[in-house]
Structure formats: C-alpha cells, structure tokens
Amino acid sequence: MTKFVRVCAGVLLAGGLMTAASAQTKWDMPTPYPDGNFHTKNVLMFTQDVAKATKGSLQITVHSAGSLFKHPEIKRAVRQGTAPIGEILESLASNEAPVYGLDSVPFLTTGYDSAHKLYMAQKPYLEKQLASEGLILLYSVPWPPQGIYAKKEIKSVDDLKGMKFRTYNAMIGRIAALVGAIPTQIEVPDLPTAFATGRVDVMITSASTGVDTKAQDYLTHYMDTQAWQPRNIVFVNKQAFDKLTPAEQKAVKDAAAVAETRGWELSREEMTIKTAALKAAGIKVVAPSPELKAGLAKVGATITAEWEKSAGADGAAMLAAYRK
C-alpha cells in the first residue's frame, strides 16, 4: 500500500468515525420517582430496549427522583424542548385540560381490568390533547389502587374534617374540599418531613408510595379503599422525535409498547408485594368501614358529574365508551 493510499484510507476511516459519532443522539429523561420505584425501573428497561434496538444510536439517560427537573416542571420542560422526553403523573396536569384528570376520578374504576378499560376509552383523547401541545404519548402505566393513610383509623368521611389533607393534583384537592379537610400540596420526597412537622395529617396514595417513603416512621394506619388507579404517562417532544431516523422512531415506539404491557404487570405485582410490606413494617392495614365507603362513594359521584361537565362532549364520549 502506498503512502498516498494509506493517507486516503486514514482520512476515510476518520470521516466514517466522525459520521458515526455525529449520528448518535443523546436524550436526557427527567422522572419524578426514585430508582427503586417500579415506574422508574420500567423506564430504565425501556431506555435499555431503545439502546439495544438502535445499536446505541439513541441513548437515553434517566434522571430520577426529580434530580433534573422537579415533578411539576417536567411536562413544561418537555413541551419547551428543554428535555426531549419525560414521565409524570398524568393527573398532575389536570388543571391544564380535563382529559388529564379522568384516571383520578375516584371510585370510577374498581381494579386493573376496569382501569385498563378506562385507559382505552381515554387514550385517543389523551393523544389528541398531547398532540395539541407538541407532544407524543409513548405509554401509560397505573399505580396500584389508592388508599388512605393516617395516624389513626378513619371510620367515616366526618373523621377527615379539619385535617390537613395531602394533595398532588386538582382532583385530590377537590376530595379534600368535599370532606371538609384542608388541602395541602406535598410532593413525594417531602412526605416524611411534612408529616413529622405537622404540615399534613392524612393522605391518599398507593401502598407503593407508603413503602417508598417509609410510612411506618410517621403514620400508623392504611385504609385499603382501592379508590382509583392514577397513571403515569411517558411522552416525547414531537420535534425531537421527528429528528430521529425512521428506524429509531420505530425502536422507541416498539420499546414503549413493551414497557406499557410490562408496566401493568409490574403494577399488579407491586400491589401485592407492597401491601404485604406495609403490614410487615407495622402499618395497620384495614378494610374501609361501610360508613367510610358510603361517604367516599358520594364524593366520587359528585366528582364524576363535575368532571363530565367540565370535559364537555369529549368527556361524555369517554365515559360512554368506558361504560359500554
């Protein structure tokens, strides 16, 4: 090989390496929950699937526990393109459009099968709303059913009057108002301190969150009301998605479909494991009294009617599809 040929070959190789390097896309993905949470574990598996399917041309780095953007900031960051992809609790955006709050209407669903049916009825409208904001829905996974945590057994809705009630979306705030409690916005990482300092007295959340935040250190009772199953949504900025190659776009969509199916199964497992873990940690897990169930059912009926009115024709269509 002559010196000239060797030089040319070196230039071509260097050019090829530069092209390969420039073809790699790196995304930062903010998520709100810690690494041990099943949602975050599912996200990490999703990103690994994407990296494998694209042979490393698309790398997604997960920034968990609100380390890149705080939970309330994530959707705006993705919409503005500051982050190309993210995960939030869907109902956190319910003050922006009614469709984001449907999954958190209390007592509308009664378990995983009905929660999935509700998601299927809602999904086209959810995708439409996200598209209007320049976002694409990738997948959605539910939390285990919601229960009431407190420092004593709550036997009726009257017991909640005057208590400082932890909220994380507009729907929970409405529940608090209807039962005469005081709504108090508290994010998951702040729960132990908030309860310890008396900023909040009671909360409705899943067994998962109770275990994640070591509820046994600051609470004593869990009323297993199975009130509803809020979902997380993972979504991507459309402009960022459109910059991917067709093969990369397919890899993201395929990995998202797998993550959704896997996530629903992980959630079912989580409910069983974490409810048992609450008991093992010393939390008294009790079934809701008939009085509490009746009172909460009335609250649920009121909120369902309010939600349907606020959502207009789309809301009526979603509920009609769900109730078929």
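Whatever comes next refers back to the structure up there.
Calculation notes
- Residues numbered from 1 in each chain as written.
- Predicted model: local features only at pLDDT ≥ 70, side-chain atom pairs only at ≥ 80, totals over all residues.
- Heavy atoms only, no water.
- Helix = DSSP H or I, 4+ residues; strand = E, 2+ residues; numbered from the N terminus.
- Buried < 20%, exposed > 50% of the residue type's maximum accessible area, 1.4 Å probe, protein only.
- Areas by Shrake-Rupley, 256 points an atom, 1.4 Å probe, with all protein chains shown as cover.
- Lys, Arg positive; Asp, Glu negative; His and termini not counted.
- Charge placed at Lys NZ, Arg CZ, Asp CG, Glu CD.
- Phe/Tyr/Trp six-rings, centres within 6.5 Å; stacked < 30°, edge-to-face > 60°.
- Lys NZ or Arg CZ within 6 Å of the ring centre and 35° of its normal.
- Pairing = 2+ DSSP bridges.
- Axes fitted to C-alpha atoms, helices over the stretch in contact; angles between N-to-C directions.
- Contact = heavy atoms within 4.5 Å.
- Salt bridge = Lys/Arg side-chain N within 4 Å of Asp/Glu carboxyl O.
- Core = buried A, V, L, I, M, F, W, Y, C linked by side-chain atoms within 4.5 Å.
- 1 Å grid on protein atoms, 1.4 Å probe; cavity = no way out; pocket = protein on both sides within 12 Å on 5 of 7 lines; lining within 4 Å.
- Points joined across faces, edges and corners; volume = space filled by probe spheres on them.
- Nonpolar A, V, L, I, M, F, W, Y, C, P; charged D, E, K, R; others polar.

Asker: Would you explain the overall build of the chain in this entry?
Answerer: Looking only at helices and strands, one finds 10 helices and 11 strands in the chain. Out of the 324 residues belonging to the chain, those deemed buried represent 52%. Looking at the chain as shown, the accessible area adds up to about 14,600 Å², and 58% of this sits on carbon and sulfur atoms. Computed over 37 positive and 31 negative side-chain charges, the separation of the two mean positions in the chain equals 3 Å.

Asker: What am I meant to see in the packing of aromatic side chains here?
Answerer: Two measures describe an aromatic ring pair: the distance that separates the ring centres and the angle between the ring planes. Applying the stated criterion to the full structure yields six aromatic pairs. Seen in terms of ring centroids, Y33 and W143 are 4.9 Å apart; in terms of plane orientation they differ by 75°. Their pairing is edge-to-face. Separated by 110 residues along the polypeptide, Y33 in the loop between β1 (25-30) and α2 (38-53) and W143 in the loop between β4 (135-142) and β5 (146-150) bring together distant segments of the chain. Judged by its relative accessible area of 4%, W143 falls in the buried class. Pairwise contacts between aromatic rings join Y33, F38 and W143 into one cluster. Its end group placed over the ring of Y322, K117 keeps NZ or CZ at 6.0 Å from the ring centre. Taking the ring centre of F241 as reference, the NZ or CZ of K253 above it sits at 5.8 Å.

Asker: What is the right way to look at the sheet that holds strand β8 (residues 202-206) in this model?
Answerer: Spatial strand order, β7-β6-β8-β5-β9-β11: six strands in an open sheet with mixed pairing. Each having just a single partner strand, β7 (182-185) and β11 (284-286) make up the two edges of the open sheet. Taken pair by pair, the neighbouring strands of this sheet meet at an average axis angle of 30°, ignoring direction. For strand β6 (residues 164-167) and β7, the ladder comprises four bridges, and the chain directions are parallel. Bridge pairing links R166 to T184 in β7. Here helix α5 (residues 170-178) sits on the sheet in contact with β6, β7 and β8, set at roughly 165° to β6.

Asker: Just to check I follow, could you spell out the pattern of salt bridges for this structure?
Answerer: Where charged atoms from two side chains of opposite charge approach closely, those side chains can pair. For the structure shown, the criterion picks out 12 salt bridges. The shortest N-O distance in the salt bridge between D49 and R262 comes to 3.5 Å. With D49 in helix α2 and R262 in helix α9 (residues 246-281), this pair connects stretches of sequence that are 213 residues apart. Residue K238 is joined to D242 by a salt bridge in which the shortest nitrogen-to-oxygen separation is 2.7 Å. Of this pair, K238 and D242 both sit in helix α8 (residues 238-242), four residues apart, which is roughly one turn of the helix.

Asker: Whenever I open this one, the nonpolar core confuses me. Can you help?
Answerer: Proteins that are soluble and globular tend to have nonpolar side chains buried together. Of all hydrophobic cores here, the largest spans 80 residues; its most connected members are F46, I85, L138, Y139 and F165. Here the element with the most residues in this core is helix α10 (residues 290-323); it accounts for nine residues. Excluding residues within four positions of it along the chain, I85 makes contact with W27, D28, M29, P30, F46, I60, V78, L138, V234, F235 and V236. The next biggest cluster of nonpolar side chains, apart from the first, holds 14 residues, and it includes I186, V200, M203 and Y218.

Asker: Explanation requested: unusual backbone geometry in the structure shown.
Answerer: Trans is the common state for peptide bonds, and a negative phi is the common state for residues other than glycine. Positive phi, close to 65°, is recorded for F107, a residue that is not glycine. Turning to its location among the elements, F107 is positioned in the loop between β3 (85-89) and α4 (112-132). For F107, a relative accessible area of 30% gives the class partly exposed.

Asker: Please clarify how the layout of surface pockets should be interpreted in this entry.
Answerer: One way to see where empty space is left: roll a probe the size of a water molecule over the atoms. By volume, the largest pocket amounts to about 210 Å³. P72, L92, A93, N95 and E96 are the residues nearest the centre of the largest pocket, which is lined by 14 residues in total. Looking at the lining of the largest pocket residue by residue, the class counts come to six nonpolar, five polar and three charged.

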